Amino acid sequence: MDPQASNHHIVFSRYVSAPAGFSLIEILVVVTIIGILAALIAPRLMSRPDEARVTAAKQGLASLVSALKLYRLDNFRYPTQEQGLRALVERPTIEPVPANWPNGGYLDRFPKDPWGNDYVYRNPGQRSEVEILSLGADGRPGGTGINADITSEGL
């Protein structure tokens, strides 16, 4: 190996080095772009949990309607207003006591809506024989948007 070539390599490597990092301007540009994207995308993502809760409430209502239909099929009537939705989880002791209530009931546990509130059971319902509803995010009757009542009508 030529000694001059190896010395040349050593001298060359002392003066030429890899870039040390990003410049301040490059970092500011990237941070600005991320800020703009966050400002545009964040509002869209923030409404998704509310939409998911409304969808979950509708699915919960559909499950309750199915359980009520099974209850009616077995016992020839829906639970009374006094028996309520608890009749799907625990055997009612209030008359009329169902003769064909299965071991384990119709549901494993008493359900709550996605906002942690109890579903409302009406027998008779306002628009049908029975009605179940979630009172929405605010837990009060009426409302608009995510606070609107979600009913079992049409399920």
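Conventions adopted
- Residues numbered from 1 in each chain as written.
- Predicted model: local features only at pLDDT ≥ 70, side-chain atom pairs only at ≥ 80, totals over all residues.
- Heavy atoms only, no water.
- Helix = DSSP H or I, 4+ residues; strand = E, 2+ residues; numbered from the N terminus.
- Polar contact = N/O pair within 3.5 Å; in protein donor to acceptor, adjacent residues only side chain to side chain.
- Contact = heavy atoms within 4.5 Å.
- Salt bridge = Lys/Arg side-chain N within 4 Å of Asp/Glu carboxyl O.
- Buried < 20%, exposed > 50% of the residue type's maximum accessible area, 1.4 Å probe, protein only.

J.: Teacher, can you tell me more about the side chain of Asn 75 here?
T.: Locating Asn 75 in the fold gives a position in helix H3 (residues 48-75). Within the local environment of Asn 75, its side chain forms a polar contact with the backbone nitrogen of Asn 100, the two atoms lying 3.1 Å apart. Beyond its immediate stretch of four places on either side in the chain, Asn 75 contacts Pro 98, Ala 99, Asn 100, Trp 101 and Tyr 106.

J.: Hey, could you run me through the environment of Ala 137 in this one?
T.: Structurally, the position occupied by Ala 137 is in the loop between strand E2 (131-134) and strand E3 (150-151). With 12 residues separating them along the chain, Ala 137 and Asp 149 place their C-alpha atoms 8.7 Å apart.

J.: In this structure, what is going on with the pattern of salt bridges? I would like to understand it.
T.: Pairing is possible between side chains that carry opposite charge, provided their charged atoms lie close to one another. In this structure the tally under the stated criterion is 6 salt bridges. As a salt-bridge pair, Arg 72 and Glu 129 come within 3.7 Å of each other at their nearest N and O atoms. Within this pair, whereas Arg 72 is found in helix H3, its partner Glu 129 is found in the loop between strand E1 (120-122) and E2, the two being separated by 57 residues in sequence. According to the relative accessible area criterion, Arg 72 is partly exposed, its value standing at 36%. Under the relative-accessibility criterion, Glu 129 is labelled partly exposed at 45%. A salt bridge links Asp 118 to Lys 112, with the nearest nitrogen and oxygen atoms 2.7 Å apart. Asp 118 sits in the partly exposed class, given a relative accessible area of 39%. You can call Lys 112 partly exposed: its relative accessible area is 46%.

Limitation: the analysis is restricted to geometry and does not speak to function.
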